[in-house]
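This is what each chain is made of:
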There are 4 protein chains.
Amino acid sequence: MTTLSPDILSTLEGQGIELPSWAFGNSGTRFRVFTTPGTPRDPYEKIADAAQVNAFTKLAPSVALHIPWDKVDDYSDLRRHAEDLGVTLGTINSNTFQDEDYKFGALTHHDDRIRQKAIDHHFECIDIMHATGSRDLKIWLAEGSNYPGQGDMRARQDRLQDSLQQIYARLGDEQRLVLEYKFFEPAFYHTDVPDWGTSYAQVAALGDKAMVCLDTGHHAPGTNIEFIVMQLLRLGKLGSFDFNSRFYADDDLIVGAADPFQLFRIIFEVVRGGGLNNPDVAFMLDQCHNIEDKIPGQIRSVLNVQEMTARALLVDRDALAAAQQANDVLAANAVFMDAFYTDVRPALASWREERGLAADPMAAYAASGYQSKIAADRVGGTQAGWGA
Amino acid sequence: MTTLSPDILSTLEGQGIELPSWAFGNSGTRFRVFTTPGTPRDPYEKIADAAQVNAFTKLAPSVALHIPWDKVDDYSDLRRHAEDLGVTLGTINSNTFQDEDYKFGALTHHDDRIRQKAIDHHFECIDIMHATGSRDLKIWLAEGSNYPGQGDMRARQDRLQDSLQQIYARLGDEQRLVLEYKFFEPAFYHTDVPDWGTSYAQVAALGDKAMVCLDTGHHAPGTNIEFIVMQLLRLGKLGSFDFNSRFYADDDLIVGAADPFQLFRIIFEVVRGGGLNNPDVAFMLDQCHNIEDKIPGQIRSVLNVQEMTARALLVDRDALAAAQQANDVLAANAVFMDAFYTDVRPALASWREERGLAADPMAAYAASGYQSKIAADRVGGTQAGWGA
Amino acid sequence: MTTLSPDILSTLEGQGIELPSWAFGNSGTRFRVFTTPGTPRDPYEKIADAAQVNAFTKLAPSVALHIPWDKVDDYSDLRRHAEDLGVTLGTINSNTFQDEDYKFGALTHHDDRIRQKAIDHHFECIDIMHATGSRDLKIWLAEGSNYPGQGDMRARQDRLQDSLQQIYARLGDEQRLVLEYKFFEPAFYHTDVPDWGTSYAQVAALGDKAMVCLDTGHHAPGTNIEFIVMQLLRLGKLGSFDFNSRFYADDDLIVGAADPFQLFRIIFEVVRGGGLNNPDVAFMLDQCHNIEDKIPGQIRSVLNVQEMTARALLVDRDALAAAQQANDVLAANAVFMDAFYTDVRPALASWREERGLAADPMAAYAASGYQSKIAADRVGGTQAGWGA
Amino acid sequence: MTTLSPDILSTLEGQGIELPSWAFGNSGTRFRVFTTPGTPRDPYEKIADAAQVNAFTKLAPSVALHIPWDKVDDYSDLRRHAEDLGVTLGTINSNTFQDEDYKFGALTHHDDRIRQKAIDHHFECIDIMHATGSRDLKIWLAEGSNYPGQGDMRARQDRLQDSLQQIYARLGDEQRLVLEYKFFEPAFYHTDVPDWGTSYAQVAALGDKAMVCLDTGHHAPGTNIEFIVMQLLRLGKLGSFDFNSRFYADDDLIVGAADPFQLFRIIFEVVRGGGLNNPDVAFMLDQCHNIEDKIPGQIRSVLNVQEMTARALLVDRDALAAAQQANDVLAANAVFMDAFYTDVRPALASWREERGLAADPMAAYAASGYQSKIAADRVGGTQAGWGA
């Protein structure tokens, strides 16, 4: 069995992956949102489910909230609820894509009233961050246009910068703004922050507390994502990851499901660039469990990240550097692939057992009865989804 | 002003483009369905709106229905309603993607009960077709899987053929089955009918009354769609078009909006292959007006198809053939582009005026007061969308 | 260490992967063909290099030839040369893309003289096949057009069918024609056989001895290739593979290098569909070692195919079927991924040692001195490339 | 006939599009470089051909050179030759992709000797610029790697910055450095400057005389190129265009041939952002006439740019802004499309005739006899291609 060195184990010890509260609610496509028994009805239940993921893996110490989906009357109470369950509240995600006012834009809108409303929403998010103890305000800009000519892309870009400056100015000293980019959807002609270059240019104009968020599903087909990881780390602007995977568009599948080797390459660049266990670079999931069970889907996800991190740490970087220096293409690639093809799963099972965890978290969760319990308990009410 | 020859005008005279009833209801993305005032609440109102499109253009003589969204108690009554408004009921579209039973498949499902339910749904559609006088049963197979290993793709393909055979056997003598293919969505790993080859192989095994439906938004990036049009016409299996356009995925934008030159090339191949005004090849729209007004959106669409048809008919095919024979690449391309760049709009405006239509149907509709009337009248009830 | 069952080992015993002679010559991009010391100067030297790959792996018993690049005066002599080195001559690949006459087409050309010349070239290839003992005539149709309007796609398709019929009629009883498809390149607007559907329609019209060749690098971005493998096996028309890999277009990288999980999924479908060790389905490589060493590049490639085949054979198909039947998405995917993540390399090293091979063929080849020997010996003459 | 306003005509009067000397030489794919009679054998003949394009269009006043392909003994003499023919020498393009030393990199190479050689090559280019009177040094970075692990992407990026700084420091006061980006090819895994973000980050670190070059064929599928144009103009870093078009990859087809509407959108953003007739933004072509005639191919190209510029200038920007302000999606799009669909060709033919040019430059060139003259004269010698 492949053993993992003390250094690698120590590094893995420090890994934490933030879970999105919305992954525990229902999600789907424009065609249909299928439901699952036991789906949470409120933020408290979502956090309870997220805590299960952490309980079985010790990999998921925090939960990201989405406002307004996770609005509660008393955030201090929600925070205590989380802490009682062994997790903390993490990133606050704003939402400017579900109000009728935002049909044609929010932070980029030409109508000052609507734009101010969107800015105010972010001020509210910052207030919530103070109550939840969250550091990061994540802005995914769903804005854009569907038809050429519909909007003035340049003016929208300028208004975006102005809006972001106002939001940035409201941040506390320890708080950050992370700006996500996305290739397309829900807008189908232009998106106001479609690529890392735009996100970078926008946040660079704000200041040190503004960073880029890289969602692994938000790129054009064929994009070399690990290159972007490298570049953003080099520029000091990689603030966070939204991990997921995709075969086609923004499929939001389980991280590592579609192209495990790509995930390996991405995490290797994180390691190489000093982004692992670096507080500046947050690891988060952003996935949709449209048809699979949600809690085990999240357990599978954090295990995938951990396993791939272990493989990335196994790369013999001295041997790699030597082969690179020698222009020995096949040898360098072989060093790289050797780590990828190494089966780290038994060693990680041991690692878990040494920490009092089940060797197989998926089986342990299935055997725990939690799923049938919530399916039985959570009857009535409205299952949480993207509208709540 | 460019004039259109009597031959071209006569050809255009015969053109009819079927409208989808659902284009008049609300639609959106997985993130949000925005609403518009005046949206129909039932199939009768959808047909009334569709009839407006025809009234202003004489290009849209029929309306496709979607079952169960357009279920009514009395299809004969709906048919009379349509005919009173000057349109007919066209293609019946089945739906096997919105019932909880169909979460993992319908016509391909391994569970015989569910598969039979899906087959029975198509039997019901055929019954409706007899009542509505519809010729075509269109099957869009939304089925597939999200994760490698989730399904047995081969067994699903075999079950699909069996299901289709049962449906095919139920068709009346004058009825047809058209099988649509789609690259991806709502399934994100594999789709059971992902490409024209699969649709072709499936319908070829059924018989002469089974044809392929080509939706212009259902291909991989970069696909040469007009080549597929050519090939399906050559193989005698092009049954119908779903026209729309896209920049990225299945964006369902107004036909011709994203790449007008592609639409030109597609229609040119239709002309070249004898598919224009050929009853075997149905022209339909399948679009989503997520943010734009719906009735004018449909008017714009049929005008786009008509204008592009006029341009395609303008290609000097003798000159084209001569340049092709001479291997004169630039000359052949020039003949082709000359037709595309010709402004046919004034001639078509005249054509409309000669038929008692407004020269500018968009302006005429806007001036008609219909939009404000339905906005005022259609208060209360539930606006139609993809669930109804 | 993971052990491989006797059944799996026995299956692996039967595996043979055909090498392309041209992989041992120089190749490159339109920008530059870089050279390597020791590159063969003629077909005899190419075969000698190919035999090295087989000597170290016992996985590569045959070599495909490309005509005219591999033309020799005496094919019987070349055959003896191969057999003396322990390999056989395999598929004959025709070439209709490098003669000035073929600038605008060959088997599709409107000029009868040129089309007959292209057909005659295939007759010559069939004659060579009799001399070399080859079964398969592989036709990659590089033809198409660069500009809309340049060619009559429909007429070209009809002429193609006519040409293929003439070639097909010349085949011996034991010979086959395999028709490759390719998304684009060298033509940039339309390609005459761009997709599996076209290849399938063309060969289905010929007869049982005509099959489709699937090159893994010849698809649109995002295409689910294993689905096509499944479909062609289902239709009885998968004649052969050209293995390689790509990140972008037809990159012709080492098989498994860009997306190992995709290779796993492809081979799993081959296994599931009965295509493994099935004489009807030929495994071939078609790669370009533009910057890496050629012989070790080929060794790496056949090892990649073998390793991935072992992983595909490890899939617990009973457990997979059970999870599929239960609609347990995560369990089914887990069964699938478990095989992929299993490290089969130590077991295959043992397998090799039991057969008298070196455990590590890459290292053994490097230590053999062959590379330095050919670098020293092959001085003068013209290194082989795509022109010879 | 659509008339063009005095303002538009005056704007068009100022338009100049630089031609690439290499467009007059042979080019092709990795499979074949086809030849054409009359192809230039040296830089003098290339410039003579380029001057023909200008003579018939008055749109192409300068010619870009490529070093070493266009090396001559006496650049002053070449400059006089150009000026005698009515054109000037423009951008100098460096080449670091055809020397055996550059197989694994040039400006990014880990070997100091090779990197210095590449830097020195750019110093030589700057010297040539002084002799030719050129302002811009264009660097297309063809460097990258084919296999994961092959290179250290981060270290290469840092070395690139260092190399560029050295080159930048050598620039004269009136000279600029423009850095081109490209999605892929000739490297197939990673490219050192793959996207506008990387080019922007690199040149922003250099200074005001460093700008980004946008080649319209160098993006991932689906990329909204006009958005990038907008953004680079907004950031003050759009230095130049390489115009061409593509259906698939970097096809290098005639500008406007593949997607004329995209070209319209791009030029509209240039107009909107103040980039038209702005000396900071150079318009250049970079195309390959693989199968079509070269001089008429270039004439067609500059006409395409001029025609599309005229259409972009026709957009009623007040009406557009009003529709945008009203959130009238269809009206805004209609204003946009109205300009695109307007046939400006007759007005431009008149414009030409008023300036003493032939109404139809393609026909006039064909009738001029130049093509048959060079076909007859240029016998012997070696036709120019990408190697010279």
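Conventions adopted
Residue positions are given per chain, counting from 1 as you read along its sequence in written order. Whichever chain is written first becomes A and whichever ligand is written first becomes 1, with later ones labelled in order. Predicted model: local features are reported for residues with pLDDT of at least 70 only, side-chain atom pairs are reported and counted for 80 or more only, and whole-chain, interface and lining totals are derived from all residues. In computing side-chain properties, one takes all heavy atoms of the structure into account and sets aside hydrogens as well as water. The secondary structure listing takes helices from DSSP runs of H or I that are at least 4 residues long and strands from runs of E that are at least 2 residues long, numbered from the N terminus. Between the two quantities, the radius of gyration covers C-alpha atoms and the globule rule is 2.2 Å times the number of residues to the power 0.38. Any residue under 20% of the maximum accessible area for its type is buried, any over 50% is exposed, and the rest in between are partly exposed; the area is computed with a 1.4 Å probe on protein chains only. Each nonpolar core is a collection of buried residues, namely Ala, Val, Leu, Ile, Met, Phe, Trp, Tyr and Cys, held together in the definition by side-chain atoms within 4.5 Å. Any two residues having at least one pair of non-hydrogen atoms within 4.5 Å are treated as being in contact. Residues are called lining when one of their atoms sits within 4 Å of a cavity or pocket point, these points coming from a 1 Å grid over the protein atoms alone, where a cavity is a set in which a 1.4 Å probe fits but cannot get out and a pocket is an open set with protein on both sides within 12 Å along at least five of seven lines. Grid points are joined across faces, edges and corners, and a volume is the space filled by probe spheres set on the points. The classification used treats Ala, Val, Leu, Ile, Met, Phe, Trp, Tyr, Cys and Pro as nonpolar, Asp, Glu, Lys and Arg as charged, and all other residues, Gly among them, as polar. Criterion for a salt bridge: a side-chain nitrogen of Lys or Arg within 4 Å of a carboxyl oxygen of Asp or Glu. Buried area is a sum: the accessible area each of two parts loses on coming together, probed at 1.4 Å, counted once for each and added. As used in this structure description, the phrase polar contact means that two N or O atoms lie within 3.5 Å; if the pair is within protein, one of them must be able to donate a hydrogen and the other to accept it, and residues adjacent in sequence are counted only when both atoms belong to side chains. Following DSSP output, two strands are said to pair if at least two bridges run between them. By the counting rule applied here, Lys and Arg register as positive and Asp and Glu as negative, while His and the ends of each chain are not counted. Axis definition: a line fit to C-alpha positions, over the contact stretch in the case of helices; interaxial angles, taken between N-to-C directions, run 0 to 180 degrees. Oblique is the label for every angle not falling under 35 degrees (roughly parallel), over 145 degrees (roughly antiparallel), or within 65 to 115 degrees (roughly perpendicular). Should the near helix be turned anticlockwise from the far one by less than a right angle, the crossing is termed left-handed; should it be turned clockwise, right-handed. Least-squares superposition aligns the copies on the C-alpha atoms of those residues with pLDDT at or above 70 in both. Helix span is expected to be 1.5 Å times the residue number reduced by one. We call Phe, Tyr and Trp rings a pair once their centres come within 6.5 Å, taking the six-membered ring for Trp, and we label the pair stacked below 30 degrees between planes, edge-to-face above 60, and tilted otherwise. pLDDT expresses, on a scale from 0 to 100, how confident the predictor is about each individual residue. Handedness of a crossover: with both strands directed away from the viewer, a clockwise path from the first strand across the helix to the second marks it as right-handed.

**Student:** Would you explain the overall build of chain A in this entry?
**Tutor:** Along its length, chain A carries 14 helices and 10 strands. Its C-alpha atoms give chain A a radius of gyration of 21 Å, near enough to 21 Å, the size a compact globule of 388 residues would have. Taken along its principal axes, the extent of the C-alpha atoms in chain A is 65 × 55 × 40 Å. Burial analysis of chain A (388 residues in total) assigns 69% to the buried set.

**Student:** Would you mind showing me how to read the nonpolar core here?
**Tutor:** For soluble globular proteins, the rule of thumb is that nonpolar side chains tend to be buried together. Of all hydrophobic cores here, the largest spans 489 residues; its most connected members are A:Leu177, A:Phe241, B:Phe241, C:Phe241, D:Leu177 and D:Phe241. Excluding residues within four positions of it along the chain, B:Phe241 makes contact with B:Cys213, B:Leu214, B:Val229, B:Ile266, B:Val270, B:Val281, B:Ala282, B:Phe283 and B:Met284.

**Student:** Would you explain the layout of surface pockets in this entry?
**Tutor:** Any empty space left between the atoms is revealed when a probe the size of a water molecule rolls over them. Considered as a void within the structure, the largest pocket measures approximately 750 Å³ in volume. Elements with a minimum of two residues in the lining of the largest pocket: helix 9 (294–314), helix 12 (345–354) and helix 13 (361–368) of chain A together with helix 11 (329–341) of chain C. It is helix 11 of chain C that provides the largest number of residues to the lining of the largest pocket, a total of eight residues. In terms of residue class, the lining of the largest pocket is made up of 19 nonpolar, six polar and 10 charged.

**Student:** Teacher, can you tell me more about the pattern of salt bridges here?
**Tutor:** Any two side chains of opposite charge can pair, on the condition that their charged atoms come close. Tallied over the full model, the rule gives 126 salt bridges over all chains. Here B:Glu185 ties to B:Lys182 by a salt bridge, and the two come within 2.7 Å at their closest N and O atoms. Overall, the relative accessible area of 1% leaves B:Lys182 in the buried class. Within this structure, A:Arg30, B:Lys182, B:Glu185, B:Asp250 and B:Asp252 form a network of salt bridges that share partners.

**Student:** Hey, could you run me through the interface of chain B and chain C in this one?
**Tutor:** Reports of interface size often rely on the accessible area that becomes lost once the parts have come together. Taken together, the contact pairs 54 residues of chain B with 54 residues of chain C. On the chain B side of the contact with chain C, B:Arg154, B:Phe227 and B:Arg234 bury the most area, a combined 16% of that side's loss. Applying the counting criterion to the chain B and chain C interface returns four salt bridges. At the junction of chain B and chain C, the tally comes to 26 residue pairs in polar contact (both at pLDDT 80 or more). If one sorts the elements of the side of chain B that touches chain C by residue count, helix 7 (residues 225–234) of chain B sits on top with seven residues. Broken down by class, the residue content of the side of chain B that touches chain C amounts to 23 nonpolar, 21 polar and 10 charged.

**Student:** Looking at this model, I keep getting lost on the pairing of strand 10 (residues 282–285) of chain A. Mind explaining?
**Tutor:** All names here are of chain A. Here strand 10 shows no split at all, with Ala282 and Met284 on one side and Phe283 and Leu285 on the other all buried. The pairing of strand 9 (residues 238–243) with strand 10 spans four bridges and is parallel. Bridged to Phe243 within strand 10 is Leu285.

**Student:** Where do I start with the interface of chain A and chain D in this structure?
**Tutor:** Contacts between the two partners involve 54 residues from chain A, matched on the other side by 54 residues from chain D. Overall, the association of chain A and chain D removes approximately 4,300 Å² of surface from exposure, summing both partners, and the carbon and sulfur fraction of that is 58%. When the area that chain A buries against chain D is broken down by residue, the three leading residues are A:Arg154, A:Phe227 and A:Arg234, summing to 16%. Counting across the interface, chain A meets chain D through four salt bridges.

**Student:** Would you explain the side chain of C:Asp195 in this entry?
**Tutor:** Looking at where C:Asp195 falls in the secondary structure, it is placed in the loop between strand 7 (190–191) and helix 6 (196–204). One buried charged residue, C:Asp195, remains without a salt bridge, the closest side chain of opposite sign being B:Arg234 at 10 Å. Side-chain polar atoms of C:Asp195 contact the side chain of C:Thr198, separated by 2.8 Å. Setting aside chain neighbours within four positions, we find C:Asp195 in contact with B:Trp196, B:Ile228 and C:Tyr181.

**Student:** In this structure, what is going on with the environment of A:Asp259? I would like to understand it.
**Tutor:** When you line up the elements, A:Asp259 lands in the loop between strand 9 and helix 8 (260–272). Measuring from C-alpha to C-alpha, the distance between A:Asp259 and A:Phe247 comes to 8.0 Å, with 12 residues separating the pair along the chain.

**Student:** I tried to follow unusual backbone geometry on my own but got confused; where do I start?
**Tutor:** Negative phi values dominate among residues other than glycine, just as trans dominates among peptide bonds. In this structure, the amide linkage connecting A:Ile67 to the following residue, A:Pro68, adopts the cis form with an omega of 20 degrees. In this model, A:Asp252 sits at a positive phi of 55 degrees, which is unusual for a non-glycine residue. Counting through the fold element by element, A:Asp252 comes out in the loop between strand 9 and helix 8. The class for A:Asp252 is buried, based on a relative accessible area of 4%. Unlike most non-glycine residues, B:Glu185 shows phi in positive territory, near 80 degrees. By the secondary structure assignment, B:Glu185 is in the loop between strand 6 (176–180) and strand 7 (190–191).

**Student:** When you look at the packing of helix 8 (residues 260–272) of chain C against helix 9 (residues 294–314) of chain C in this model, what are you seeing that I'm missing?
**Tutor:** Angle between the axes and distance between the axes are the two parameters that describe a pair of packed helices. All names here are of chain C. Between helix 8 and helix 9, whose axes approach to 9 Å, the crossing angle comes to 60 degrees. The orientation of helix 8 with respect to helix 9, classified from their angle, is oblique. Handedness of the helix 8/helix 9 crossing: right-handed. Residues Pro260, Leu263, Phe264, Ile267, Phe268 and Val271 of helix 8 pack against Asn304, Val305, Met308, Thr309, Arg311, Ala312 and Leu313 of helix 9. Of the residues assigned to the contact of helix 8 with helix 9, the class counts are 10 nonpolar, two polar and one charged.

**Student:** Is there a simple way to think about the relation of the copies chain B and chain C in this case?
**Tutor:** Note on the copies: chain B fits chain C at an RMSD of 0.0 Å, the axial shift is 0.0 Å, and the rotation between them is 180 degrees. Within this description, the copies of the chain are treated as partners about a two-fold rotation axis. For chain B, the residue whose C-alpha comes nearest the rotation axis is B:Gly197, separated from it by 2.1 Å. Looking at chain B, 100% of its interface residues are interface residues in chain C too, so the copies touch through the same face.

**Student:** Where do I start with helix 2 (residues 43–57) of chain B in this structure?
**Tutor:** The α-helix winds at 3.6 residues per turn, so residues separated by three or four positions along the chain end up facing the same way. Residue and element names in this part refer to chain B. Over its 15 residues, helix 2 runs 21 Å from end to end, which matches the ideal 21 Å to within 8%, given 1.5 Å per residue. Within helix 2, 13 of the 15 residues are buried, which leaves it mostly tucked inside the rest of the structure. The N-cap of helix 2, judged by a side-chain oxygen 3.0 Å from the amide nitrogen of Tyr44 a few residues on, is Asp42. Positive phi appears at Lys58, one or two residues downstream of helix 2, with a value of about 50 degrees.

**Student:** Which parts of the structure should I look at to understand the sheet that holds strand 2 (residues 62–66) of chain B?
**Tutor:** Where strands meet in a sheet, backbone hydrogen bonds hold them as pairs that are either parallel or antiparallel. Residue and element names in this part refer to chain B. Here eight strands make up an open sheet; going across it, the order is 1-2-3-4-6-8-9-10 and the pairing parallel. The open sheet has two edge strands, strand 1 (19–20) and strand 10 (282–285), and neither has a second partner. Where strand 3 (residues 88–93) lies against strand 4 (residues 136–140), two bridges are found, and the strand directions are parallel. Directly across from Ile92, in strand 4, lies its bridge partner Leu137. Strands strand 1, strand 2 and strand 3 of the sheet are contacted by helix 2, whose axis makes an angle of about 150 degrees with strand 2.

**Student:** What is the right way to look at the packing of aromatic side chains in this model?
**Tutor:** Geometry of an aromatic ring pair is reported as the spacing of the ring centres plus the angle between the planes. Residue and element names in this part refer to chain D. Under the criterion given, the structure shown has 102 aromatic pairs over all chains. Measuring from ring centre to ring centre gives 5.1 Å for Phe268 and Phe336, while their planes differ by 90 degrees; the resulting arrangement is edge-to-face. Placement of the pair is Phe268 in helix 8 (residues 260–272) and Phe336 in helix 11 (residues 329–341), with a sequence separation of 68 residues. Using a relative accessible area of 6% as the deciding quantity, one classes Phe268 as buried.

**Student:** I keep staring at the confidence of the model for chain A and nothing clicks. Help me out?
**Tutor:** Any residue range with low pLDDT should be treated as having predicted coordinates unsuitable for detailed reading. Mean pLDDT over chain A stands at 97; residues scoring 70 or higher make up 99%. At the level of chain-chain contacts, confidence expressed as ipTM amounts to 0.97, with global pTM at 0.98.

**Student:** Would you explain the environment of D:Arg80 in this entry?
**Tutor:** Here D:Arg80 is to be found in helix 3 (residues 75–84). D:Arg80 sits 171 residues away from D:Asp251 along the chain, and the two C-alpha atoms are 34 Å apart.

**Student:** Where do I start with the pairing of strand 4 (residues 136–140) of chain A in this structure?
**Tutor:** Each regular strand shows side chains that alternate between the opposite faces of the sheet. Residues and elements named next belong to chain A. Most of strand 4 sits out of view: five of its five residues are buried. Of the two faces of strand 4, the one holding Asp136, Lys138 and Trp140 and the one holding Leu137 and Ile139 are both buried throughout. Chirality of the crossover, the property in question, places the unit of strand 3 (residues 88–93), helix 4 (residues 112–132) and strand 4 among those that are right-handed.

**Student:** Can you help me understand the relation of the copies chain A and chain D in this one?
**Tutor:** The two chain copies are connected by a rotation around an axis plus a translation along it. Between chain A and chain D, which share one sequence, the superposing operator has a rotation angle of 180 degrees and an axial displacement of 0.0 Å; the RMSD is 0.0 Å. Here 100% of the contact residues of chain A are again contact residues in chain D; the copies associate through an equivalent surface.

**Student:** Where do I start with the sheet that holds strand 8 (residues 210–215) of chain D in this structure?
**Tutor:** Residues and elements named next belong to chain D. Pairing is parallel in the open sheet, where eight strands are placed in the order 1-2-3-4-6-8-9-10. Each having just a single partner strand, strand 1 (19–20) and strand 10 (282–285) make up the two edges of the open sheet. Direction of pairing for strand 8 relative to strand 9 (residues 238–243): parallel, over a ladder of four bridges. Along strand 9, the bridge assignment pairs Asp215 with Asp242. Together, strand 1, strand 2 (62–66) and strand 3 (88–93) form the strand contacts of helix 2 (residues 43–57), whose direction differs from that of strand 2 by roughly 150 degrees. Sitting on the sheet, helix 9 (residues 294–314) touches strand 1 and strand 10, and the angle it makes with strand 10 is about 145 degrees.

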